[in-house]
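# Working through the structure, step by step
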Amino acid sequence: MSLKPATSLYHSSRLTHKLLLAFFVIFLFTCLIAWLYFDSSERYSRHAKQSDLTHEVLTHYSEIAKLSLEKLIAMGEIVRTGQVQTPQLREENEHQLRAALFNVRDNLLKKITFSKQIDANQELAVLDSISQKVEQIITTNNEIKLLVAQNKLPEANQLFSLLQKQEVDTEFNQLIGNAVSQEQAQAQDIRNNVNTLYHWSNRVLAAALGAMSLFTLMTFWYFWRRINSATKQLHAATSQYSEGNLAHRIAPLSDFEFQYLGTALNGMAGQLATQQA
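Residues numbered from 1 in each chain as written. Predicted model: local features only at pLDDT ≥ 70, side-chain atom pairs only at ≥ 80, totals over all residues. Heavy atoms only, no water.

### Some details on the pattern of salt bridges
Selection criterion: Note on definitions: salt bridges are taken to be side-chain nitrogens of Lys or Arg within 4 Å of carboxyl oxygens of Asp or Glu. Going along the chain from the N terminus, every DSSP run of H or I of four or more residues is numbered as a helix, and every run of E of two or more is numbered as a strand. Accessible area is worked out with a 1.4 Å probe on protein chains only. A residue is then buried under 20% of its type maximum, exposed over 50%, and partly exposed in between.
Scanning the entire structure with this criterion turns up twelve salt bridges. Here Glu94 ties to Lys71 by a salt bridge, and the two come within 3.9 Å at their closest N and O atoms. Taken together, the residues span a long stretch of sequence, with Glu94 in helix 2 (residues 87-114) and Lys71 in helix 1 (residues 14-81) at a distance of 23 residues. Side by side, Glu94 and Lys71 carry an identical accessibility label, which is buried. The closest approach of N and O atoms between Lys110 and Asp106, which form a salt bridge, is 3.4 Å. With Lys110 and Asp106 both in helix 2 and four residues apart, this pair spans about one turn of that helix. If you follow the salt bridges from partner to partner, you end up with Lys71, Glu94, Arg98 and Glu135 in one network.

### Observations regarding the packing of aromatic side chains
Note the threshold: Aromatic pairing here means that ring centres of Phe, Tyr or Trp (its six-membered ring) are within 6.5 Å. Orientation follows from the plane angle: under 30 degrees is stacked, over 60 is edge-to-face, and everything else is tilted. Here, a charge over a ring means that NZ of Lys or CZ of Arg falls within 6 Å of the ring centre while also lying within 35 degrees of the ring normal.
Within this structure, the stated rule accounts for three aromatic pairs. Relative to Phe215, the ring of Phe29 lies with its centre 6.3 Å away and its plane at 45 degrees, an arrangement referred to as tilted. In this pair, Phe29 sits in helix 1 while Phe215 sits in helix 5 (residues 168-242), placing the two residues 186 residues apart along the sequence. Geometrically, the ring pair formed by Tyr37 and Phe38 is edge-to-face, given 5.3 Å between the ring centres and 75 degrees between the ring planes. The ring centre of Trp200 lies 5.5 Å from the NZ or CZ of Arg43, which sits over that ring.

Any link to function would need more than the numbers given here.
Spelled out as structure tokens, the structure:
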């Protein structure tokens with residue numbers, strides 16, 4: 001006579017379903033933590049790139065201010081002494097100035113692609129004004145040098161005096177100051193955003209890790225309790241059978257896997273009791 005438990009072996013198991021559900025929830029927690037990590041890393045990378053570009057812009061603005069000041073001082077020295085720089089040195093200075101202006105524009109455009117919050121029109125307008133002043137300084141410097149080379153020192157003095165009356169140096173310094181202030185404000189905003197992101201990501205990651213750890217511990221405790229209770233009953237039954245108490249029966253178990261085994265053991269004990277009778 002074969003033993004056939006009341007429930008089919010292939011019947012869906014409630015314990016297995018719960019275990020799969022628990023694994024699925026832990027998998028979702030893991031995906032959430034991974035997404036938070038990579039999202040925070042991507043934001044940090046973007047802020048770092050914006051910070052680097054802002055630093056580059058400030059560096060080039062400082063170079064523009066330095067080279068332009070050297071140009072203005074050189075004009076005064078030329079007018080005072082009547083001596084002109086060598087063409088090679090003059091072209092080198094002009095190339096450095098224009099290269100610095102180009103680098104500022106290039107970095108500003110890169111910053112705009114990284115952040116839509118930057119007022120592109122305002123920054124580029126300030127840069128255009130600075131470029132106009134720089135070109136005015138370069139052009140006046142070249143004209144003065146040409147006049148001095150032609151021994152027209154009074155005309156050179158007059159042109160330099162006109163440049164001073166127009167307060168080109170003062171306007172240029174104001175423009176540079178405004179541009180630098182804008183970049184410093186943006187650098188501070190980037191630092192604030194990074195600080196906010198740091199605290200937010202730490203809190204969210206800590207909460208997600210804490211929730212996943214708590215859920216994992218509760219899942220372990222739940223399945224340990226269910227399995228431990230069933231195995232104790234099965235162990236007690238096998239002990240009774242080994243001692244000859246074939247009348248002992250295993251009480252119905254809540255989980256299908258153990259209920260199947262318990263039913264099989266009860267059937268085996270019943271058959272043995274029948275054979276001995």
